[in-house]
Amino acid sequence: MNFLTWGTDPYGQELLIRISWDLLYLASVSGILFVIGHAVWLSFLAPSVSAAEVDDAQLANVPEKVARHSLASRAFHWIMAVAMLVLLFTGFLPAIGVQFAWVTMHWIAGVVLTLSIIYHIIHASFWLDLWSMWIGPQDVTDAVRRFKRSLGQDAPAPRKHAKYPLENRLYHHAIVVTGGLVTITGLLMMYRIETPLWTRDPYILADQTWGMVYVVHGLSAVSLVTLVIAHIYFGLRPEKRWITWSMIRGWIDRRHYVEHHDPEQWAARSEGDSGQR
Amino acid sequence: MAVIRDMMTTFELFQPANVEDAAALLREHEGRAWVLAGGLDSFDWFKDRIKRPAVVVDLGGIESLKGIESTADGLEIGAMTPLTDVVRHPDIAENYGLLAEAAELVASPQIRNQGTLGGNVSQDTRCWYYRDGWICYRAGGNICYADTPTSMNREHAIFGADRCVAVNPSDTAPALIALDAKMVVQTTGGERVVDAEDYFIGPSTDIMRMTILRPGDLLTSIRIPSTWAGARFYFEKVRDRQVWDFPLVNVASAIRVSGGTIEDARVAVNGVAPYPMRLTAVEDALRGATQDEATAERVGELAIRGARPLRQNAYKIPLMRNLVKRSVRVAEA
């Protein structure tokens, strides 16, 4: 298996071209194996974990529908999701032999993704609780405890989740890194094609630098293949569907809130409350 | 980079006697096999050591791929039929003179004796950066050396460029498009028949190929329907050397005229885009118009709409406009 594709430039020097498409297959297989492994482990091997007990008194203090994602947040998520899927399909289908005119679709989806990311950065910085994505030492302690208990080992009970479980935050940060790299390199690569946005100029970087841009773009993109496979899998899992529904409806029901979330870390607000964070 | 000329690297040669064996060989060696027709394009690549296939499948021994047959609806020409046979065939000369004229303008008599119709439409581009072994987009790289501020791109595209600016060099391709020909392709999934214009693909679809042929596919024959038999035809090729050269621009038209009014028309050009271009806007404008100077002038201007010249090939715009004008004005039965 090759990791990188090299060529020879007109001066006889070795030139980095891009990643090897072998990595696409590796990323796809890794994602699928993870899904299968996780599903098998959860179905047959994982010790059963009883749901946290919820009493009526706790429920009484919580709104029936707890707001989780504002309309703006949901719009961003789904626009980004569509753009990302279009980018992955238009980017990789030609590499596996499906012929179609992909370049225009690809860069337009890339522009949509970029605009949605800019929107999200502004929205998250000024209207959302930016710190809800922060991972602190206590989160790590809780994660270790949770992991030990999932293996059937003795460990103190971890705190309930804040607004976003640790795995959500880790996934978000992985997407920030890979999505950020793929977007920045993608914008640079748009200088190599004709678009109405700016004048084509493939010479803003040297050949070797372009090679590195292509490699970073490719590595980020194949990483996203694995991440997207895992994300869709978790979004469809029965025990996670209430989270997926919250990304559609914007709210979670009070029972899931009480079961899974710590009011100290995430105060419940009623759906429709304009003060939602 | 081409270092040693006229010395091919070694390869395993197969000379199947029928299409089934050829297809089986291509399947067996998929991704490593090179299909050899007349060899005019192939041996350039091999001798320059730019393409170094491990396996070559020579179609020269497959008799069923050669010859021209009359069918219930026109003609069927085997992909391995030499261009000379196409030029000399009486039915083609009488009813589909457009193809005979285009084939006769391909290269030299010796090349037409050896070169095949299938090879002519399936040949690779002549972009010298690519053919000299530079690692451009078409060769699997990520740059076009022909589209830089200092590159030599006099012969390159004014339409349809998408990162790669190479053009299709076939003379017979626009004639086949104008005649509404169908290409018969043997694929791993069976026989596939496509319109001639759909046989060619641009870099936006696949930057490393000029036709729909995938590894393992074979063009077996070309069917010419009788729809345009005996129509008014025009073919003209403009090239640097009149005796033997690839086209800078060529044009092929088939027009049906009744009482001075154009009933229907098909017009195609090549040498201006990475694929032979059928000019559907021109055809639409021609239908119902009078075959006169004003119409020719109008469709000439229409033909060049959207052209984007490179640094050294703006001359192709008036050239193409004038060829299209002439193809309408001069087309005769």
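Structure: see above.
Conventions adopted
Residues numbered from 1 in each chain as written. Chains lettered and ligands numbered in written order. Predicted model: local features only at pLDDT ≥ 70, side-chain atom pairs only at ≥ 80, totals over all residues. Heavy atoms only, no water. Helix = DSSP H or I, 4+ residues; strand = E, 2+ residues; numbered from the N terminus. Buried < 20%, exposed > 50% of the residue type's maximum accessible area, 1.4 Å probe, protein only. Contact = heavy atoms within 4.5 Å. Areas by Shrake-Rupley, 256 points an atom, 1.4 Å probe, with all protein chains shown as cover. Lys, Arg positive; Asp, Glu negative; His and termini not counted. Charge placed at Lys NZ, Arg CZ, Asp CG, Glu CD. Core = buried A, V, L, I, M, F, W, Y, C linked by side-chain atoms within 4.5 Å. Pairing = 2+ DSSP bridges. Axes fitted to C-alpha atoms, helices over the stretch in contact; angles between N-to-C directions. Buried area = accessible area lost by both parts, 1.4 Å probe. Salt bridge = Lys/Arg side-chain N within 4 Å of Asp/Glu carboxyl O. Polar contact = N/O pair within 3.5 Å; in protein donor to acceptor, adjacent residues only side chain to side chain. Right-handed = clockwise from strand over helix to strand, strands pointing away. Parallel < 35°, antiparallel > 145°, perpendicular 65-115°, else oblique. Left-handed = near helix turned anticlockwise from the far one by under 90°. Nonpolar A, V, L, I, M, F, W, Y, C, P; charged D, E, K, R; others polar.

**Let's talk about the overall build of chain A**
Next, step 1: Helices and strands together make up the secondary structure of chain A, namely nine helices and four strands.
Next, step 2: When the helices and strands of chain A are listed from N to C terminus, the series reads β-β-α-α-β-α-α-α-α-α-α-β-α.
Next, step 3: Its C-alpha atoms put chain A at 75 × 45 × 35 Å along the principal axes.
Next, step 4: Here chain A holds 277 residues, and 39% of them are scored as buried.
Next, step 5: Taking all contacts inside chain A whose residues are at least 6 apart in sequence as the whole, residues at least 24 apart take part in 69%.
Next, step 6: For chain A, the exposed area adds up to about 15600 Å²; of that, 67% sits on carbon and sulfur atoms.
Next, step 7: One finds the centroid of the 22 positive side-chain charges in chain A at a distance of 4 Å from the centroid of its 22 negative side-chain charges.

**Some details on the nonpolar core**
The nonpolar side chains of a soluble globular protein tend to be buried with one another.
Next, step 1: The biggest cluster of nonpolar side chains holds 45 residues, and the ones touching the most others in it are Ile-92, Leu-99, Leu-176, Met-183, Tyr-199, Leu-219 and Ile-224 of chain B.
Next, step 2: Once you skip the residues sitting within four places of it in the chain, Leu-99 of chain B turns out to touch Ile-77, Val-86, Ile-92, Leu-117, Thr-172, Ala-175, Leu-176, Leu-179 and Ile-224 of chain B.

**Let's talk about the pairing of strand β7 (residues 190-195) of chain B**
Residue and element names in this part refer to chain B.
Next, step 1: The sheet contact formed by strand β6 (residues 182-187) and β7 spans six bridges and is antiparallel. Of the residues in β7, the one forming a bridge with Val-185 is Arg-192.
Next, step 2: Hairpin connection, β6 to β7: the antiparallel pair is bridged by two residues.

**As for the sheet that holds β7 of chain B**
Residues and elements named next belong to chain B.
Next, step 1: Taken in spatial order, the five strands make up an open sheet running β4-β5-β8-β6-β7, and their pairing is antiparallel. In this open sheet, the two edge strands, each paired with only one partner strand, are β4 (68-71) and β7. Within this sheet the neighbouring strands show an average axis-to-axis angle of 25°, counted without direction.
Next, step 2: Bridging between strand β5 (residues 74-78) and strand β8 (residues 218-224) involves four bridges; their strand directions are antiparallel. Residue pairing across strands places Glu-76 opposite Arg-223, the latter belonging to β8.

**With respect to the interface of chain A and chain B**
Next, step 1: Listed as interface residues are 22 residues of chain A and, on the opposing side, 21 residues of chain B.
Next, step 2: For the chain A face of the interface with chain B, the top three residues by lost area are Pro-10, Gln-99 and Tyr-203 of chain A, together amounting to 33%.
Next, step 3: Among the salt bridges present, the one from Glu-194 of chain A reaches Arg-308 of chain B, with a minimum N-O distance of 3.4 Å.
Next, step 4: There are eleven residue pairs in polar contact (both at pLDDT 80 or more) connecting chain A and chain B.
Next, step 5: Counting only elements with at least two residues in the side of chain A that touches chain B, the list comes to β1 (4-8), β2 (14-19) and α7 (207-236) of chain A.

**Some details on the pairing of strand β2 (residues 33-36) of chain B**
Two faces make up the sheet, and in a regular strand the side chains alternate between them.
Residue and element names in this part refer to chain B.
Next, step 1: Of the two faces of β2, the one lined by Trp-34 and Leu-36 is fully buried and the one lined by Ala-33 and Val-35 carries no buried residue.
Next, step 2: Across four bridges, the pairing between β2 and strand β3 (residues 55-58) is parallel. For Leu-36, the partnering residue across the bridge sits in β3 and is Asp-58.
Next, step 3: Between the parallel elements β2 and β3, the chain passes through helix α2 (residues 40-47) in a crossover that is right-handed.

**Description of the pattern of salt bridges**
Residue and element names in this part refer to chain B.
Next, step 1: Within this structure, the stated rule accounts for 33 salt bridges over all chains.
Next, step 2: Taking the shortest distance from any N to any O, the salt bridge between Arg-287 and Asp-264 comes out at 2.6 Å. Taken together, the residues span a long stretch of sequence, with Arg-287 in the loop between α11 (280-286) and α12 (293-303) and Asp-264 in strand β11 (residues 261-270) at a distance of 23 residues.
Next, step 3: With a relative accessible area of 34%, Arg-287 lands in the partly exposed category.

**Quick notes on the sheet that holds strand β1 (residues 12-14) of chain B**
All names here are of chain B.
Next, step 1: Taken in spatial order, the three strands of this open sheet run β1-β3-β2, and their pairing is parallel. Looking at the sheet topology across the chains shown, the edges are occupied by β1 and β2. This sheet shows a mean twist of 25° between the axes of neighbouring strands, independent of strand direction.
Next, step 2: Contacts between helix α1 (residues 19-28) and the sheet are confined to β1, β2 and β3, with β3 contributing the most and set at about 165° to the helix.
Next, step 3: Contacts from α2 reach β2 and β3 within the one sheet, and its direction differs from that of β2 by about 135°.

**A word on the packing of helix α4 (residues 103-126) of chain A against helix α6 (residues 166-189) of chain A**
All names here are of chain A.
Next, step 1: Two elements in contact, α4 and α6, have axes separated by 11 Å at closest approach and are oriented at 130°. Considering the angle they form, α4 stands oblique to α6. The interaxial crossing formed by α4 with α6 has left-handed handedness. When α4 is examined against α6, the residues Leu-113, Thr-114, Ile-117 and His-120 are found in contact with a partner set consisting of His-172, Thr-183 and Leu-187.
Next, step 2: Residues of the contact of α4 with α6, tallied by class, amount to three nonpolar, four polar and no charged.

It is worth stressing that arrangement in space is one thing and function is another; only the former is reported here.
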